[in-house]
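What the coordinates show
Here is what each chain is made of, one letter per residue.
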Amino acid sequence: MIFLDAAATTPVRREALEAMWPFLTGEFGNPSSHHTLGEAAANGLASARASVAKVLRCRPGDVTFTSGGTEADNLAVKGLALARRAQDPSLDRVLISAIEHPAVEESARYLERVHGFVVDVVPVDGYGVVTPDAFRAALRPTTAVASIMYANNEVGTVQPVAELARVAHSLGVPFHTDAVQAAGWLPLDVESLGVDAMSISGHKIGAPKGSGVLYARGRQKLEPLVHGGGQERGRRSGTENVAGAVALSTALTLAHAEQATLHSRVSGLRDEFIRRVLSEVPGAILTGHPELRLPSVASFCFPGTSGESVLLELERLGVVCSSGSACAAGSDAPSPVLLALGIDPAVAQTAVRFSFNSTVTEAELSQAATAVYEAVGLVQGLGRR
Ligand code: PLP
């Protein structure tokens, strides 16, 4: 089986598994306990936090461990908006893009529904890019927080995050970015990016599901969403997932060390895969930006098919991928991301996303390109072999 659905999840890396193992067995203590077992766990957590901070180039105290990308996004969007409005009641707007992951979009909608915020949605261009001009036009002096993803999970388009953060700051608005798909592929240095908050998920980079990080600059006040014993400097109560944090920090450190090499190797493989699909599969359309995209994502529409049928044929041919985001799987509705790019709903129904793990090989993608040609042909009823 060729697994081309790494944007949905990745297997746990051996190094991450080995690093977390002691904290699930011998050093199983609660980091809040005042005995040696507790101290060992607290030390493990502290060193995981320091490793994450080293990669992000921030202070360890700015790193909050969460249960994943979704919780990090919720804490950033709701936590920043609610804390800022508590300080200044005129701050009653939230700005997001038209292609955010539901973890950001639904957090903004919650603020609208329950707390009376106004949600402003900045449109994207046909490649899925939030232009600094469109972003500037959507910002208001009363925007409490702006949240624009670093890279899109369905089409792979990468946003000009540093520029957008600068625009937000020119109006004094804190800027959050969902870097769940960017992690492992793009630089995560929060100083160069200039972001105030950033979300990362463990299971997209070789750590277990249920681990995540929110970076939030120390001076940013964050209203916590989970109340209790005041762990994570009061930002996220609950006994910490020490093993998950250790695994995440290990996977993130490895990904950081490999990032530049991986970026150039996998971008080359991606470009060749895209070239073959576009030249061999009649009518194939690339979605997202042709260059400003993640090395790990190649996404297409195959007019005259249905994405789900192409997926089934591909799986029969040994290639596993996705018709959209994993969260939208099983739903017949065309992807809101593709609609926001201006793609016709009937064409959007034919979307297929191929996303690569760091271990992807040229041979796998060559075999996959041939399978795509066959699968699309079969679904279009041409019966090509
Ligand atoms: N944000 C983006 C862009 C994602 O792709 C995902 C997962 O697919 C998430 C957030 C949610 O992360 P998690 O699965 O860790 O909750």
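Our subject is the structure that appears above.
Residues numbered from 1 in each chain as written. Predicted model: local features only at pLDDT ≥ 70, side-chain atom pairs only at ≥ 80, totals over all residues. Heavy atoms only, no water.

**Brief notes about the site of the ligand**
Condition: For this purpose, a residue is taken to be near a molecule or strand whenever a single non-hydrogen atom of the residue falls within 4 Å of it. In protein, a polar contact requires one atom able to donate a hydrogen and another able to accept it; more generally it is a pair of N or O atoms within 3.5 Å, and residues adjacent in sequence count only if both atoms are side-chain atoms. Computed with a 1.4 Å probe, the accessible areas rest on the Shrake-Rupley method; for each residue, only the protein chains presented here act as cover. Classes in brief: Ala, Val, Leu, Ile, Met, Phe, Trp, Tyr, Cys and Pro nonpolar; Asp, Glu, Lys and Arg charged; the others, Gly included, polar.
Around the ligand, the structure places 13 residues, and the nearest of them are Thr70, Asp178, Gln181, Ser201 and Lys204. Between Thr70 and the ligand, the recorded distance is 2.6 Å, taken from a side-chain N or O atom to an oxygen atom. One of the side-chain N or O atoms of Gln181 is found 2.8 Å from an oxygen atom in the ligand. In isolation the ligand offers 390 Å² of accessible surface; the protein chains occlude 86% of this area. When its residues are assigned to classes, the shell around the ligand shows two nonpolar, eight polar and three charged.

**Observations concerning empty space enclosed by the protein**
Operational definition: Grid spacing is 1 Å over the protein atoms alone, the probe is 1.4 Å, and a cavity is where that probe fits but cannot get out, while a pocket is an open set with protein on both sides within 12 Å along at least five of seven lines and lining residues have an atom within 4 Å of a point. Grid points are joined across faces, edges and corners, and a volume is the space filled by probe spheres set on the points. The way it works is that DSSP assigns letters per residue, a run of H or I at least four long becomes a helix, a run of E at least two long becomes a strand, and they are numbered from the N terminus.
Scanning all chains against the criterion turns up two cavities of 30 Å³ or more. Put simply, the largest cavity is a space of about 60 Å³. Considering the residues around the largest cavity, the lining is formed by eleven residues, among which Glu154, Ser299, Leu338, Ala351 and Arg353 are closest to the centre. Those elements giving two or more residues to the lining of the largest cavity turn out to be β10 (297–301) and β12 (351–355). Per-element tally for the lining of the largest cavity: the top contributor is β12, with three residues. When the residues that make up the lining of the largest cavity are grouped by side-chain class, the tally is five nonpolar, four polar and two charged.

**As for the packing of aromatic side chains**
Condition: Here a Phe, Tyr or Trp ring, Trp counted by its six-membered ring, pairs with any other such ring whose centre lies within 6.5 Å, and the pair is stacked when the planes are under 30 degrees apart, edge-to-face when over 60, and tilted otherwise. The cut-offs for exposure are 20% and 50% of the maximum accessible area for each residue type, with area from a 1.4 Å probe on protein chains only; residues under the lower value are buried, those over the upper are exposed, and the others partly exposed.
Applying the stated criterion across every chain, the model contains six aromatic pairs. For the pair Phe135 and Phe175, a centre-to-centre distance of 5.9 Å together with 80 degrees between the ring planes defines the contact as edge-to-face. In this pair, Phe135 is assigned in helix α5 (residues 132–138) and Phe175 in strand β6 (residues 175–178), connecting sequence segments 40 residues apart. With respect to burial, Phe135 and Phe175 carry one shared label: buried. Ring centres of Phe273 and Phe354 lie 5.1 Å apart, and the angle between their planes is 70 degrees; this geometry places the pair in the edge-to-face category. Here Phe273 is found in helix α8 (residues 242–280), whereas its partner Phe354 is found in strand β12, with 81 residues between them in sequence. A relative accessible area of 1% places Phe273 in the buried class. Classification of Phe354 by relative accessible area gives buried; the value is 0%. Taken together through their ring pairs, the aromatic side chains of Phe273, Phe300, Phe302, Phe354 and Phe356 make up a single cluster.

**Describing the pairing of strand β8 (residues 212–216)**
We count it as follows: Here, strands pair whenever DSSP counts at least two bridges between them.
Of all five residues in β8, five are buried, a share of seventy percent or more. Judged by which residues are buried, β8 turns out to be covered on both faces: Gly212, Leu214 and Ala216 on one side and Val213 and Tyr215 on the other are all buried. For strand β2 (residues 63–66) and β8, the ladder comprises four bridges, and the chain directions are antiparallel. Residue pairing in the sheet places Thr64 in a bridge with Leu214 of β8. As defined by bridge partners, strand β7 (residues 197–201) adjoins β8 across five bridges and the pair is classed as antiparallel. Across the sheet, the residue bridging to Met198 is Tyr215, located in β8.

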